[in-house]
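Below, each chain spelled out in residue letters.
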Amino acid sequence: MNTSLIQLVHIPQRGDARGGLSVAELGVALPFPVRRVYWIHGTKPGVSRGFHAHKKLHQLCVCVAGSVRLSLFDGKSEESVVLDSSAKGLLVGPGLWREMHDFSPDCVLMVFADAEYDEADYIRDKLTFISYAST
Ligand code: TYD
């Protein structure tokens with residue numbers, strides 16, 4: 001069975017005439033309790049980021065301003081998606097090599113994670129990842 005690497009979730013929108021309001025709530029848009037939130041912003045022109053995988057970490061990525069292209073690779077196939085809306089979240093589970101490209105100058109990418117930062121959870125070498133993914 002082929003399952004897409006791109007797992008999108010809809011973020012409920014509660015905006016009104018005054019403007020936008022997006023909600024990431026446990027059990028609705030968030031499938032895990034959040035232990036860390038970080039955001040990537042002010043990315044310089046032409047810069048790409050990521051280039052790593054995690055062994056255990058689950059993340060939900062939401063581009064709350066601007067746009068960015070995320071590509072995911074499971075060791076065999078690669079798929080990419082443009083995140084350009086606060087209503088769209090991308091779930092990135094463990095065992096996926098991720099790259100972020102084509103940041104717009106105004107991009108703010110929020111990332112919700114189910115664990116604290118732990119460098120030991122990273123795989124930063126692509127060949128090591130391919131070997132890890134094949135086991
Ligand atoms: P990294 O995850 O490598 O960013 P990217 O994949 O987007 O290039 O993180 C960059 C640096 O920031 C690295 O030195 C680790 C540090 N960092 C933290 O200290 N805490 C965090 O929660 C994150 C995500 C990164």
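Since the model is a prediction, treat every value here as computed from it, not as a measurement.

## A look at the pattern of salt bridges
Then, in step 1: Taken as a whole and judged by the stated rule, the model has 6 salt bridges.
Then, in step 2: One salt bridge connects Lys88 with Asp84, and the closest N-O pair in it is separated by 3.3 Å.
Then, in step 3: Accessibility expressed as a relative area gives 23% for Lys88, which makes it partly exposed.
Then, in step 4: Exposure remark for Asp84: the relative accessible area of 45% places this residue in the partly exposed category.
Then, in step 5: For Lys126, the salt bridge goes to Glu99, with nearest N and O atoms at 4.0 Å.

## Remarks on the site of the ligand
Then, in step 1: With respect to spatial proximity, the complete set of residues near the ligand consists of Arg36, Tyr38, Ile40, Arg49, Gly50, His52, Met100, Tyr117, Tyr122 and Arg124.
Then, in step 2: Residue Arg49 places a side-chain N or O atom 2.8 Å away from an oxygen atom belonging to the ligand.
Then, in step 3: The protein chains hide 61% of the 530 Å² of surface that the ligand would expose on its own.
Then, in step 4: When residues of the shell around the ligand are traced back to their parent elements, those giving at least two are strand 2 (36-41) and strand 3 (49-54).
Then, in step 5: Residues that form the shell around the ligand fall into these classes: 5 nonpolar, 2 polar and 3 charged.

Quick notes on the rules
Residues numbered from 1 in each chain as written. Predicted model: local features only at pLDDT ≥ 70, side-chain atom pairs only at ≥ 80, totals over all residues. Heavy atoms only, no water. Salt bridge = Lys/Arg side-chain N within 4 Å of Asp/Glu carboxyl O. Buried < 20%, exposed > 50% of the residue type's maximum accessible area, 1.4 Å probe, protein only. Near = heavy atom within 4 Å. Polar contact = N/O pair within 3.5 Å; in protein donor to acceptor, adjacent residues only side chain to side chain. Areas by Shrake-Rupley, 256 points an atom, 1.4 Å probe, with all protein chains shown as cover. Helix = DSSP H or I, 4+ residues; strand = E, 2+ residues; numbered from the N terminus. Nonpolar A, V, L, I, M, F, W, Y, C, P; charged D, E, K, R; others polar.

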